[in-house]
Amino acid sequence: MADRSRSGLEFGVLGPLQVLADGRQLVIGRKGMRGLLAMLVLDANRVVPIDEIVDSLWADEPPATARTIVHGYVSRLRRMLDEADPAASARILTTPPGYQLSVDPWRLDFHRARQLVSSARGKPAPIRAQLLRESLGLWRGQVLVDVPGDPVTTDLEELRLAAVEERIEAELELGRHLELVGELRQLVTEYPFRERLVGHMMRALYRSGQRADALEAYQRFHRRVVDELGIDPGPGLRVLHEQVLRDDPALSSPGLAEAAPVPPRPGVVVPAQLPAAASGFIGRDEELAWLDRLCDVRDLTATTIAVVNGAPGIGKSELAVTWGHRRAEQFPDGLLFASLNGFAPDREPLEPAEVLARFLLALGVPADGLPHGLDDRVGLYRSVLAKRRVLVVLDDAWDPEHIRLLLPPGAGSVVLVTSRRRLESLVVSNSARMLTLDTLSEEESVRLVDEVVGKPLSEQEPVAVRMLVELCGNLPLALRIAAAKLVFSPEWTVEDLVAQLSDDDARLRTLDLADSGVGVGRALAVSYRNLPPELAETFRAAGLVPGRWVSPHAIAAVCDIDLGTAVARLADLADAHLVVEQWRGGFVLHDLVRLYAREVVEDREHGALRRLIAHYLAACDHARRLIRPVSDGLDFTDSTTAPRPATSAQALSWFDKEWPNLIALVHAGAEAGLHDQVWQLVRLVHTYCVARLVCREWRGIAEFGLASARITGNRLGELLVLHAMHDINNRAGALHGTLDHAEAAHRIAVELGDPRYLVMTLDQLAIALLADGRAEEALVHHREAVELARRDGDALHEATVLNNLAQVEQRLGLREAAARHQFLAVEIYHRNGDERAYVVAVNNLAELYAELGLLPEAEEHARQGVELARGGSMQFEEAFGREVLGTVLAKRGERVAAQAELAESLRLFERLGSTRSMFVRTALEALTSEV
């Protein structure tokens, strides 16, 4: 077992009292201080009453000022520890009715010794011997030899002797019998009544060829226990004596069983209540290993508690039962199991008194000996198990208080609790460990289907089987039901079942076995019915969100509650495993849970979708204004619940996370007939789509936006969606066939008569004409748009049109005029703070300077554009800037540097899916061939 860091404080009682600070020994001082500190260390992390301290330090004659003296000792000890370790790795706390040493148990030598002994169990002999030697190496002499009074340390002496016996047993298995004889003679002389040591000595002597001495060792022990204790040797030692007498061959082979097992004492029952484990248990290797580690390093003087929690149907009970069977030999005093029915659909939760009655009967208590009161049953249960090591599995738990009543006392017992709730209070009050189960991996899900069906379907229908596990969401219960349906209906193919499951409205009905009362929907219904009304409302609201995840802001908007309440409610749903918080503030519903949530939505909640879209309109409007200034006349920024990123980068990050939700929301809104909101949402996300160049997804929702504007007869909405569609196509280099849309938008602008919309549509009409090969006409429209923007004082639109006018002039060979107009656009963008448009204009100006032969100016502007684009997460702008920079460097003869810039430009354009990558690839290939 690896040592932890030696920094901070460490405490030693396995010898003279010792305190180390970063490996340096501290001087503790007076005997009274050492006695007090020893008591605190031995009972670390537990309160030691001051009366107990006084009694220990002064026995029956404490001075009148005893309590004052103790307070003084505590004050000096605190000062000593604080000065030695300002980081406070250990602290003495005042906790009525006494004091408590708060410290990581790993800083205590006796705790490390116990853990090493525990870890050795079940290991191969070489590893076992090494771990036990390491444990025994922590003893530095007699326990607390320098501490006054009589510290209670018998358990530590017993621990040392047990470690010695275990270590000798391991070394006997390794064949080291001859070298152990001398040590064993000395140990048996010192501890004459320890039968196990006598047995070890008999084996060592026998295997060393000293059979007569082995028999004499037994006879000497037999005479002593008869004469002094009036008893016979135990059955194990008697069996060993008989083996020596008859030269049993098993004695000559180290590592083989050396004595018959000792049957349980009369009246003592070893229960084995675990249900049968499912055959063909699939996956969960990490979880099983986690439970193994917990068991291996557990404190053998305490009870170890593990809470296995997770969603309905995730496989909690199956994991607990399977692990219990695999590690049954670690619990020689029995396996107890109770289903507490915390979430059973048709049974009341089992009361602790009933569970205790069943456990006590299983432990051999006669029925007429069962106490009637709960407290008396708890007391008897703890008494019966006080010195016994058992595994207790409490399945389907609901109430932490019930669990606490069913905890056995120490002796290294393990309690395994399964629940749909986290039961976090057990972590706080009982140091329980938490294991949360997730769904199976795709590969494990496929294997589970094959196992249940009983044949390799994944080899016969691989594509269909993978679709099946995806539709089941990798949930073990759903997978088992689906596979069972294939068994019950052999005429069905996997494709038939996949077709049925693909219907969202029928999926939960398909994943139900009516005759057996088992189904995914039934399991979820139990959790839903256990929710208080406000959480049930929140669960339904989460189901209304059509995307992949839901935020507290969205819940606050839908439920009309404040943000703090929304956060708390979602946390409670996560505790019930109906949602999962995959990142801070990001809550995800499993696909099957989402389908169930939609089934339980009430009619009066359908207005919630309108509230949800209104929330996203406000959030998108705020975020898009941080990416670049807007002037389309839409304003939804008065919401109080919408998230408010503070920078352009944060706004883009918010859009990145929400983009799948926004796409789903457009579809849901259109399907629900909320057309007045749909076209607005499509328009508002346009700014993000331009920045990230998400053209394919944009085209999928743009048609919904255009149709919604036309259905509602909103001419401005139609114009703004047409404008957005044209803008995205322009950025993607896909303007062919867009002239009709540009002309339609301009006609609407003329109809509306608002100058800003006339400028917008004239500019786009000119771009469409240029793409259609009509550059002269484009020039006329651009110039008209510039004049109109200037008259209206619309600086941002003026800069936009000047930028596009320069592109037309560049196409016509009017480079000087193009450079002048491009320079004006750069200045206006800079003055008005439109950073993204400014970078575009700078890159365009660099390209013009390069064509004019002004290479130093071109390189300067291109590098400026690249740096600004990188800092602002503008991948398209960075790619174009690098393309221009590569062209400039090539013209200056710096071919290697030019290749590097063009290669990076190509990589970025290809990542974005831009058609511009074709031009860059051609330029790069030409440059490479020249080199």
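Residues numbered from 1 in each chain as written. Predicted model: local features only at pLDDT ≥ 70, side-chain atom pairs only at ≥ 80, totals over all residues. Heavy atoms only, no water.

## What about the overall build of the chain?
Inference 1: Within the chain, the regular secondary structure consists of 43 helices and 16 strands.
Inference 2: Against the compact-globule benchmark of 30 Å for 931 residues, the chain has a radius of gyration of 39 Å, which places it well outside the compact range.
Inference 3: Each principal axis of the C-alpha atoms in the chain carries an extent, and together these give about 125 × 70 × 65 Å.
Inference 4: Counting across all 931 residues of the chain, residues that qualify as buried make up 54%.
Inference 5: Pairs at least 24 apart in sequence give 66% of the contacts found in the chain among residues at least 6 apart.
Inference 6: When the accessible surface of the chain is summed, it comes to about 41,400 Å², and 51% of that surface belongs to carbon and sulfur atoms.
Inference 7: Charged side chains in the chain number 104 positive and 133 negative. The centres of these two groups are separated by 4 Å. (Helix = DSSP H or I, 4+ residues; strand = E, 2+ residues; numbered from the N terminus. Rg over C-alpha atoms; globule rule 2.2 N^0.38 Å. Buried < 20%, exposed > 50% of the residue type's maximum accessible area, 1.4 Å probe, protein only. Contact = heavy atoms within 4.5 Å. Areas by Shrake-Rupley, 256 points an atom, 1.4 Å probe, with all protein chains shown as cover. Lys, Arg positive; Asp, Glu negative; His and termini not counted. Charge placed at Lys NZ, Arg CZ, Asp CG, Glu CD.)

## What to know about empty space enclosed by the protein
Inference 1: Throughout the structure, instances matching the rule amount to four cavities of 30 Å³ or more.
Inference 2: Approximately 80 Å³ is the volume attributed to the largest cavity.
Inference 3: What lines the largest cavity is simply Phe-281, Ile-282, Arg-284, Ile-314, Gly-315, Glu-318, Leu-319, Leu-440, Leu-448, Pro-476 and Arg-480.
Inference 4: Elements with a contribution of two residues or more to the lining of the largest cavity: helix H12 (316-326) and helix H20 (476-488).
Inference 5: Looking at the lining of the largest cavity residue by residue, the classes come out as seven nonpolar, one polar and three charged. (1 Å grid on protein atoms, 1.4 Å probe; cavity = no way out; pocket = protein on both sides within 12 Å on 5 of 7 lines; lining within 4 Å. Points joined across faces, edges and corners; volume = space filled by probe spheres on them. Nonpolar A, V, L, I, M, F, W, Y, C, P; charged D, E, K, R; others polar.)

## Side note on the environment of Glu-190
Inference 1: Secondary-structure assignment places Glu-190 in helix H7 (residues 177-190).
Inference 2: Polar side-chain contacts of Glu-190 include one of 3.3 Å to the side chain of Tyr-191. (Polar contact = N/O pair within 3.5 Å; in protein donor to acceptor, adjacent residues only side chain to side chain.)

## Points about the environment of Leu-14
Inference 1: With respect to the element layout, Leu-14 can be found in the loop between strand S1 (9-12) and strand S2 (18-21).
Inference 2: Measuring from C-alpha to C-alpha, the distance between Leu-14 and Thr-154 comes to 12 Å, with 140 residues separating the pair along the chain.
Inference 3: Setting aside its immediate chain neighbours within four residues, Leu-14 contacts Asp-109, Phe-110, Ala-113, Leu-138, Trp-139, Arg-140, Gly-141, Val-143 and Leu-156.

## Side note on the nonpolar core
Inference 1: Counting 197 residues, the largest nonpolar core has Leu-468, Val-520, Phe-539 and Trp-698 as its most contacted members.
Inference 2: Leu-468 has contacts with Val-449, Ala-482, Leu-486, Val-494, Leu-497, Val-498 and Leu-501, leaving out every residue within four places of it along the chain.
Inference 3: Within the second largest apolar cluster, 78 residues are counted, among which are Val-41, Ala-120, Ile-168 and Tyr-218. (Core = buried A, V, L, I, M, F, W, Y, C linked by side-chain atoms within 4.5 Å.)

## Details of the sheet that holds strand S11 (residues 433-436)
Strands pair in a sheet through their backbones, by hydrogen bonds, and they do so in one of two ways: parallel or antiparallel.
Inference 1: The five strands lie next to each other as S8-S9-S10-S7-S11, forming an open sheet whose pairing is parallel. Strands at the two margins of the open sheet, each flanked by one partner only, are strand S8 (335-339) and S11. On average, each strand axis in the sheet is inclined to that of its neighbour by 15°, with strand direction left out of account.
Inference 2: For S8 and strand S9 (residues 391-397), the ladder comprises five bridges, and the chain directions are parallel. From the neighbouring strand, Ala-338 faces S9, where its bridge partner is Leu-394. (Pairing = 2+ DSSP bridges. Axes fitted to C-alpha atoms, helices over the stretch in contact; angles between N-to-C directions.)

## A look at unusual backbone geometry
Inference 1: Cis peptide bonds are those with omega within 30 degrees of zero, and the linkage from Pro-96 to Pro-97 qualifies with 10°.
Inference 2: With respect to the helices and strands, the residue Pro-97 is situated in the loop between strand S5 (90-95) and strand S6 (98-103).
Inference 3: With a phi angle near 50°, Leu-144 is a residue other than glycine that sits in the positive phi range.
Inference 4: Position of Leu-144 among the secondary structure elements: in the loop between helix H5 (125-136) and helix H6 (154-173).
Inference 5: Of note, Ser-431 is a non-glycine position whose phi angle comes to about 55°, a positive value.
Inference 6: Under the relative-accessibility criterion, Ser-431 is labelled exposed at 58%.

## A closer look at helix H4 (residues 109-120)
Inference 1: Under the 1.5 Å per step criterion, the end-to-end length of H4 is 17 Å for twelve residues, consistent within 8% with the ideal 16 Å.
Inference 2: With twelve of twelve residues buried, H4 lies mostly within the body of the structure.
Inference 3: Those residues of H4 that sit buried are Asp-109, Phe-110, His-111, Arg-112, Ala-113, Arg-114, Gln-115, Leu-116, Val-117, Ser-118, Ser-119 and Ala-120.
Inference 4: Summarising the contacts, the buried residues of H4 are in contact with S1, helix H1 (31-42), H5, H6 and helix H11 (285-296).
Inference 5: Taken from the residues just after H4, Gly-122 is the one with a positive phi, measuring 85°. (Expected span 1.5 Å × (residues − 1).)

## What to know about the packing of aromatic side chains
Each aromatic ring pair is specified by the distance between its two centres and by the angle formed by the two planes.
Inference 1: Tallying each qualifying case throughout the model produces twelve aromatic pairs.
Inference 2: Measuring from centroid to centroid gives 6.4 Å for Trp-323 and Phe-331, while their planes differ by 65°, and the two rings are edge-to-face.
Inference 3: In this structure Trp-323 comes out as buried when scored by relative accessible area, which is 2%.
Inference 4: With a relative accessible area of 3%, Phe-331 lands in the buried category.
Inference 5: Where Phe-343 meets Trp-398, the ring centres are 5.2 Å apart and the plane angle is 65°; that geometry is what we call edge-to-face. One end of the pair, Phe-343, is in the loop between S8 and helix H13 (352-362); the other, Trp-398, is in the loop between S9 and helix H15 (400-405), with 55 residues separating them in the sequence.
Inference 6: The partly exposed category is assigned to Trp-398, whose relative accessible area is 33%.
Inference 7: Three or more aromatic residues joined by ring pairs form one cluster here, namely Tyr-616, Trp-654, Phe-655, Trp-659 and Tyr-688.
Inference 8: For Arg-224, the ring lying beneath its charged end belongs to Phe-193, and the centroid distance is 5.5 Å. (Phe/Tyr/Trp six-rings, centres within 6.5 Å; stacked < 30°, edge-to-face > 60°. Lys NZ or Arg CZ within 6 Å of the ring centre and 35° of its normal.)

## Quick look at the sheet that holds strand S3 (residues 24-25)
Inference 1: The strand order across the open sheet formed by three strands is S1-S2-S3, and the pairing between neighbours is antiparallel. Where the open sheet ends on each side, the last strands, each with one partner, are S1 and S3.
Inference 2: When S2 meets S3, the two strands line up antiparallel, connected through two bridges. Bridged to Leu-20 within S3 is Gln-25.

## Topic: the pattern of salt bridges
Inference 1: According to the stated counting rule, one finds 62 salt bridges in the structure shown.
Inference 2: Across the salt bridge formed by Glu-158 and Arg-194, the nearest N and O atoms sit 3.1 Å from each other. Note that Glu-158 is positioned in helix H6 and Arg-194 in the loop between H7 and helix H8 (195-207), a separation of 36 residues in sequence.
Inference 3: Look at Glu-158 and you get partly exposed, because its relative accessible area is 41%.
Inference 4: Residue classification places Arg-194 among the buried residues on the basis of a relative accessible area of 18%.
Inference 5: Arg-815 is the salt-bridge partner of Glu-851, the closest N and O atoms lying 2.9 Å from each other. With Glu-851 in helix H39 (residues 835-851) and Arg-815 in helix H38 (residues 815-832), the pair connects residues that are 36 residues apart, well separated along the chain.
Inference 6: Using a relative accessible area of 31% as the deciding quantity, one classes Arg-815 as partly exposed. (Salt bridge = Lys/Arg side-chain N within 4 Å of Asp/Glu carboxyl O.)

## So, a nonpolar patch on the surface
Inference 1: Residues Phe-193, Leu-229 and Ile-231 make up a contiguous nonpolar surface patch of roughly 270 Å² in combined accessible area.
Inference 2: On the secondary structure map, Ile-231 appears in the loop between helix H9 (211-229) and helix H10 (235-245). (Patch = residues over 30% accessible without salt bridge, like charges linked within 9 Å, V, L, I, M, F, W, Y side chains within 5 Å.)

## Points about the pairing of S9
Inference 1: Within S9, seven of the seven residues are buried, leaving the element largely enclosed by the surrounding structure.
Inference 2: On the question of chirality, the crossover connecting S9 to the parallel strand S10 (residues 414-419) by way of H15 is right-handed. (Right-handed = clockwise from strand over helix to strand, strands pointing away.)

## Some thoughts on the side chain of Glu-883
Inference 1: If you trace the backbone, Glu-883 turns up in helix H41 (residues 875-891).
Inference 2: Once residues within four sequence positions are removed from consideration, Glu-883 is found in contact with Leu-902, Ser-905, Phe-909, Arg-916 and Val-920.

## Some remarks on the side chain of Glu-901
Inference 1: Looking at the secondary structure, you find Glu-901 in helix H42 (residues 895-912).
Inference 2: Relative accessible area serves as the criterion here: at 14%, Glu-901 is assigned to the buried category.
Inference 3: Once residues lying within four places of it in the same chain are set aside, the contact partners of Glu-901 are Arg-882, Leu-885, Gly-886 and Leu-889.

## Description of the confidence of the model for the chain
Inference 1: Averaged over all residues, the pLDDT of the chain is 88; the fraction at 70 or higher stands at 96%.
Inference 2: Confidence drops under pLDDT 50 across residues 1-5; counting only partners more than four residues distant or on other chains, this segment forms ten contacts.
Inference 3: Every residue in residues 255-268 scores below 50 in pLDDT, and together they form 16 contacts with partners more than four places removed in sequence or on other chains. (pLDDT = per-residue confidence, 0-100.)

## Quick word on the packing of helix H28 (residues 608-627) against helix H30 (residues 675-684)
Each packed pair of helices is defined by two parameters, the angle between the axes and the distance between the axes.
Inference 1: It is the contact of H28 with H30, at a shortest axis distance of 9 Å, that shows an interaxial angle of 25°. Between H28 and H30, the interaxial angle falls into the category roughly parallel. Handedness of the crossing formed by H28 with H30: left-handed. Here Arg-610, Ile-613, Ala-614, Tyr-616, Leu-617, Cys-620, Asp-621 and Arg-624 of H28 lie close against H30, whose contacting residues are Asp-676, Gln-677, Gln-680, Leu-681 and Leu-684.
Inference 2: The class makeup of the residues in the contact of H28 with H30 is seven nonpolar, two polar and four charged. (Parallel < 35°, antiparallel > 145°, perpendicular 65-115°, else oblique. Left-handed = near helix turned anticlockwise from the far one by under 90°.)

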